[in-house]
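Coordinate inspection notes
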Amino acid sequence: MSVRIFHTADIHIGKKFSTFDVVPDLKSELVERRFEVLGDMVDMANEHSCQLFVIAGDLFDTHTFNKGEHVEKVRSKLIGFEGDHILILPGNHDYCSEKNMNSWEWVEDIDRVSVLKETRPYELSIGDEKVIIYPGPCNSKISKDNKIDWIKDVEKDDPEAFKVGVAHGHLEGCSYDSQGSYYPMSKDDLEQCGMDVWLLGHVHVQIPEQDTSLQDHLYPGTPEQEGFKRTAEGSEKGKAWIIELGERMSAESIDTGKYTFIHEERTLNSSEDLDELKKYLESDGNEHTLAKLEIKGRLEQDDHRDALEYINSLRHDHKGFRYIIVEDDDLDQRIDMELVKENFSEGSFPYTMLESLIEEEDEISKKAAELGYDIFQEVD
Amino acid sequence: MRIKEISLEPFGNLNKNTFDLEKGTPNIFLGDTGAGKTTVFDALYGVFFIDSGVSKANREYKKHIKKRFPLDGSNVVNVRVKFEHEGNGFEIEKKWNESKKGITVLKGDSLGTIEGDKDVNKKLQEILPSNKGTFKNVLMAYQTKIQDVFEMDTDTQTELDKLLRESIKSDGISPQEFLIKVEKELEVYGDKWDFDRERPEFTSTGNRYKGSKGEIHDLYWEMEDQKRGLDEIERLETATAEINEQMDDITNELKCIGSFLDDHRKAYQDSDKRKDIEFDIKDKERDYDSCEDDFERWDEAEKNISQLEGRVEVLEDNLSNKQEKKAELDRFSELYELSKKIDIEEGKLEAGELEGNILGKEKTSFEVYKDTSSDPEGFTLAQDEVKEVKAKGILQIHTDRFHIDIHSGMGDFEQVLENVEVLKDHQKEKADEYGITLPLQERDPAKKLEDIKEEISAIKGEIKDAHKDIEHYEETISEIKNNHEISSKSEISEKRIELKKEIGSLKEKLRTMADIPEGFEDTSEFRERYEEYRGRKEHILNEKSKLLEKLNQMETPSSSSQELQESIEELDKRFQRALKIGKAYLLLKDRTQELMEDGSMIYGELKGNIERHLKSILNIDGFEIQMDEVVLQGLDHPEGYTIPRSSLSTGQKDIVALALRLAMAEYYLQGTDGFIAMDDPLVNIDPGKRKAAADTIQELSEGKQVLIMTCDPAHAELFEDANVIEV
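Residues numbered from 1 in each chain as written. Chains lettered and ligands numbered in written order. Predicted model: local features only at pLDDT ≥ 70, side-chain atom pairs only at ≥ 80, totals over all residues.

Moving on to the overall build of chain A. When you go through chain A residue by residue, the secondary structure sums to ten helices and 14 strands. Within chain A, the proportion of its 380 residues that are buried is 46%. Across chain A, the fraction of contacts at a sequence separation of at least 24, relative to all contacts at a separation of at least 6, is 72%. (Helix = DSSP H or I, 4+ residues; strand = E, 2+ residues; numbered from the N terminus. Buried ≥ 20, exposed ≤ 12 C-beta atoms within 10 Å, placed from the backbone. Contact = placed C-beta atoms within 7 Å.)

In structure tokens, the structure reads:
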């Protein structure tokens, strides 16, 4: 016998996406998509006959979620689940404290939902199988301590039951938490708890990167990407896990996301670089991709002009992307002696000025040459 | 380098036009406005300086080429120029195509054919007498461009001398104007920013400037404000986390306590009665135990009393025997004391015995009285006979001649003798009375008597103790009786049975009540714990409500620390960028000022040429330019007065501008072939001065190729050997 679990986390329902309101309907589309993906996942869980639907933290983007706008819509999605239990762990964004206990009670009212808000074992019966859930619920936005220590000491005297840990936070080696403020856990901590599997949340990329039967701690990543990140987060479509608990545990990755958020940094120092960028951006299938381009570098006059024209066209028609934002403040025209000689008389003020700046080669001088050149052009 | 032929096939409104430039000098392109003079100018500039493959967005392309496509819809313009350089003939051809890349070809007598912008440009750099900039700004500048400098600078109230200098030095770009623009930009970025200390400037009172200042300043403070906001949010988040942590601990404790109180509420309610019953049971059990103990004690006391009484009997028998024995010993002792007295008295007698030897010196008779009671014994001693004489107490030797009485020291010997007799009689009498045979056979009985006395005393002690014990046991029994208010042992047994029943019945009652939880000795301990928890619960609820209040009082930050952190990072990026730009403008400003102070630039070398051309145009000998170092102060008239720089008329300014232009051409083309293109150079000059100006240009054209564009045939006629090309 076995138990099948649909494992997701970090859905961030209620995220506002305010920076995207420059494009008509995009903001509302992204906001609405957080609900849609929940519904999609419920359908996927049903297709795979999952008995458990586990959300390992941050179902909501904030702990101040409200009933009408958020909970009721979540209810409308979750009631479609055909399995036995829906388990929702409060994460560090939607943490559960005395202050918002009532809000979580609204969630608990949803059929078959258990909010894992207490540090105690939750016993579940699924067919003939017994599953005991050991949660580590968050009670604030940040915490230097994880919430799973209690599990180490608790008696686990039923060898027949599946023991499933559910926690939300930073796991050493799996994400970056310089201050150790996000419920930091180590792999030793997890091991000492003696679970059959750990269903984690907080990191927005899936870990491990492929299907596994070897790793007993799993991050599903966010099911739908939600912003531009400097890391790999966002560049892949959202995913979730379908986990089979039996004699052996196995986890299968499942695609859930519709959008990707690309944060691309490009240096353009030649027309070839620009051509490559065009090639990269003009590939097909970007209708659900949101891109943030940071372009820097120094181009010769004509290439620079071409690049700016291209960037303007990107800003204007998005080149098949759902949305594209380009930061080109650091893309400069290359000011070299060839250009100076072309434009100014030898010994003249602009010539002398630019020549002295070009000789210096440091970044400020280069910038000064570029700005000076622009002013000369303007005056001319 | 000299241009020999220009062909436009087509270019602008000119199609299949070939202009021969070898028929005279200067070359004058004459035509009405719109006829195509500027078209020729653009074609010439384009063929040398605008790539055929240039981007269609290129500014120069738009300015010089794009507008030259024919109106008939053709998308190609073509310029071909033949020229000579160092004795070699060249031909350059450029075709610009509006919809695709154009063609560039350079052919030379000794060069062969080079194609493509890049290679052709490379070769042109070797051939052309000056760089593109010089052509653009001096050699092929529109006349108005230089005049504009005057107008522009007049508007900015700049002095003519400066304008002149700057216009020469800057390809028509004024350092002053450049500086103004740089400073304006620097203000935009660096207002109220201290670049040396890399921090914002403060007001005289040490406060930050309010409102919007330079971008660096504004971004710095926006970032600082956000950092402060971040600190506050982090503080709030930490405080919230701490409170929630406490709240969690409290809630967990409350849960434990609450569940204990809920689980054991009935037990607690019953426990009051239970406590009474338990007390009863305890009392009764105590009574029962007491009964049991007392029953045993009574029983034991009775047994002990019985044993002790038996013992007392034995002891008393023993005592009686001992006392009899002691009486015997007393009697014997009495006789023994008498014997001792007799012995003493007899000892005295013995001590009173006298003994001696009488040595007869001669025969002697005498009587010896050995004691007072006996008769004298008469002796006769022969000479030298010795008679041993013994007596008791008194030895009287009576001879005829003397009586010798010798008395022992014992005093009254008779009395002693009597005493002995009396004592012996008394002893005998007592011995008879006591039935003891004399003489006494045993020795001193004192030791035995002492022993027996001790034994008697010990027995008496034991008897006394036994009585005491008996008394104690009797008291025990009496106490038990009193305690239980009973008079017989059977009653206590009955009471015990009764108590057992009652205890059983109470315990049965307890069994019907809720149990006290495990781990408690009794109800009191349980009740104590229950009440402690109840108090604790109340305390915790108070604490919780205080914490909740604290939590409610805390502001909910509008954004999370993570979001703000990202925003600060973004601001920092903008700040660093603005700072870089600000520093760059600062560098430009400093460098401009340095260059402006450096007067050794090319102006000095031009002075002579300008003067020469001015004199030539004005045709006034002795007219001199007044210079203050490199600065034009005015024109010294030969009649002795000076036209100050500020008083130069427009016409004079034009003449100065033309002189300047010609001087610059000479300067840039010195030592090399080359050409200068001039757009209507005489148009604004006073009619009276035009011929002189034309002659000056004519003079220049003898050495350098001069191309003039004009719409006025009269101007063309002013040049004697001109090659007038009508367009």
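Right, picking up where we left off after that structure.
In this section: the overall build of chain B. Looking only at helices and strands, chain B has 18 helices and 21 strands in total. Split into buried and exposed, the 727 residues of chain B put 31% on the buried side.

Residues and elements named next belong to chain B. Across the interface, helix α9 (residues 265-351) lies against helix α13 (residues 523-553) with an axial gap of 9 Å and an inter-helix angle of 150°. Compared by their axis directions, α9 and α13 come out roughly antiparallel. Remark: the crossing between α9 and α13 carries left-handed chirality. In this structure, α9 contributes Y268, S271, R274, K275 and E278 to the contact, and α13 contributes T523, S524, F526, R527 and Y530. When the residues that make up the contact of α9 with α13 are grouped by side-chain class, the tally is three nonpolar, three polar and four charged. (Axes fitted to C-alpha atoms, helices over the stretch in contact; angles between N-to-C directions. Parallel < 35°, antiparallel > 145°, perpendicular 65-115°, else oblique. Left-handed = near helix turned anticlockwise from the far one by under 90°. Nonpolar A, V, L, I, M, F, W, Y, C, P; charged D, E, K, R; others polar.)

Our next topic: the interface of chain B and chain A. Opposite the 47 residues of chain B that make contact, chain A presents 40 residues. Only α4 (132-139), α7 (175-190), α8 (215-263), α13 and α14 (561-597) of chain B provide two or more residues apiece to the side of chain B that touches chain A. When residues of the side of chain B that touches chain A are assigned to their parent elements, the largest contribution, eleven residues, is made by α14 of chain B. Residues belonging to the side of chain B that touches chain A are distributed by class as follows: 20 nonpolar, 14 polar and 13 charged.

Once that is clear, we can look at unusual backbone geometry. Look at the link from T25 of chain B to P26 of chain B: it is a cis peptide, with omega at -5°. Of note, S49 of chain A is a non-glycine position whose phi angle comes to about 55°, a positive value. With respect to the helices and strands, S49 of chain A occurs in the loop between α1 (26-47) and β2 (52-55). Despite not being glycine, E485 of chain B shows a phi value in the positive range, around 55°. Relative to the elements of secondary structure, E485 of chain B occurs in the loop between α11 (446-484) and α12 (489-511).

A word on the sheet that holds strand β21 (residues 723-726) of chain B. Residue and element names in this part refer to chain B. The four strands are arranged β19-β20-β3-β21 in an open sheet whose pairing can be described as parallel. Strand pairing shows two members of the sheet lacking a second neighbour, β19 (675-679) and β21, which therefore form its edges. Each neighbouring strand pair of the sheet contributes to a mean axis angle of 20°, computed without reference to strand direction. As judged from the five bridges shared by β19 and strand β20 (residues 705-710), these two strands associate in the parallel manner. Directly across from I676, in β20, lies its bridge partner V706. Against the sheet, helix α1 (residues 37-49) makes contact with β3 (27-30), β19 and β20, and its axis sits at roughly 145° relative to β20, the strand it touches most. (Pairing = 2+ DSSP bridges.)

Ranked by size, the top nonpolar core spans 71 residues in total, and within it F6, V54, L87, I88, V166 and L199 of chain A carry the most contacts. For I88 of chain A, the residues in contact, after removing those within four places along its chain, are I55, L59, V107, V113, V115 and L116 of chain A. F90, I92, A677 and I685 of chain B belong to the second largest nonpolar core, which has 69 residues in total. (Core = buried A, V, L, I, M, F, W, Y, C linked by C-beta atoms within 7 Å.)

Another point: the pairing of β21 of chain B. When a strand is regular, its side chains alternate between the sheet's two faces. All names here are of chain B. A one-sided burial pattern is seen for β21, the buried positions being N723 and I725 and the unburied ones V724 and E726. The pairing of β3 with β21 spans four bridges and is classified as parallel. The residue of β21 that forms the bridge with F29 is I725.

In this model, chain B carries an average pLDDT of 83, and 88% of its residues clear a pLDDT of 70 or more. For residues 145-167 of chain B, every residue scores under 50 in pLDDT, and the model assigns this stretch 44 contacts once sequence neighbours within four places are set aside. (pLDDT = per-residue confidence, 0-100.)

Take the environment of G46 of chain B next. Residues and elements named next belong to chain B. Following the sequence through the fold, G46 ends up in helix α1. For the pair formed by G46 and V79, sequence separation is 33 residues and the distance between their alpha carbons is 8.3 Å. Residue contacts for G46: discarding those within four places in its chain leaves H64, I65, V79 and K94.

Turning our eyes to something else, we now look at α1 of chain A. All names here are of chain A. In a regular helix each residue adds 1.5 Å, so 22 residues correspond to 32 Å; α1 covers 30 Å between its end C-alpha atoms and thus fits that length. Of all bends in α1, the biggest is about 30°, found at R33. Taken together, the buried positions of α1 are occupied by L30, R33, R34, V37, L38, D40, M41, V42 and A45. Taken together, the buried residues of α1 touch β1 (3-8), β2, α2 (67-78) and β10 (239-245). Remark: S49 follows α1 within two positions and exhibits a positive phi of approximately 55°. (Expected span 1.5 Å × (residues − 1). Bend = angle between axes of the 7 residues up to and from the residue.)

Residue and element names in this part refer to chain B. Sheet architecture is open: four strands sit in the order β12-β11-β14-β15, paired in antiparallel fashion. Unpaired on one side and paired on the other, β12 (377-381) and β15 (403-407) mark the two borders of the sheet. For this sheet the average axis-to-axis angle between neighbouring strands, irrespective of direction, equals 20°. Sheet topology note: the strand β11 (residues 364-369)/β12 ladder contains five bridges and is antiparallel. What sits directly across from E367, in β12, is G378.

Attention now moves to the environment of D117 of chain B. Residues and elements named next belong to chain B. Examined against the element boundaries, D117 turns out to sit in helix α3 (residues 117-127). Given 18 C-beta atoms within 10 Å, D117 falls into the partly exposed group. Distance in space between the C-alpha atoms of D117 and G53 is 7.1 Å, their sequence separation being 64 residues. Among all residues touching D117, those that are not within four sequence positions of it are D51, S52, G53 and T104.

Looking now at α9 of chain B. Each turn of an α-helix holds 3.6 residues, which means side chains three or four residues apart point in the same direction. Taking 1.5 Å of rise per residue, the 87 residues of α9 of chain B would be expected to cover 129 Å, yet its terminal C-alpha atoms sit only 113 Å apart, more than 12% below that figure. The largest bend along α9 of chain B reaches roughly 45° and is located at S271 of chain B.

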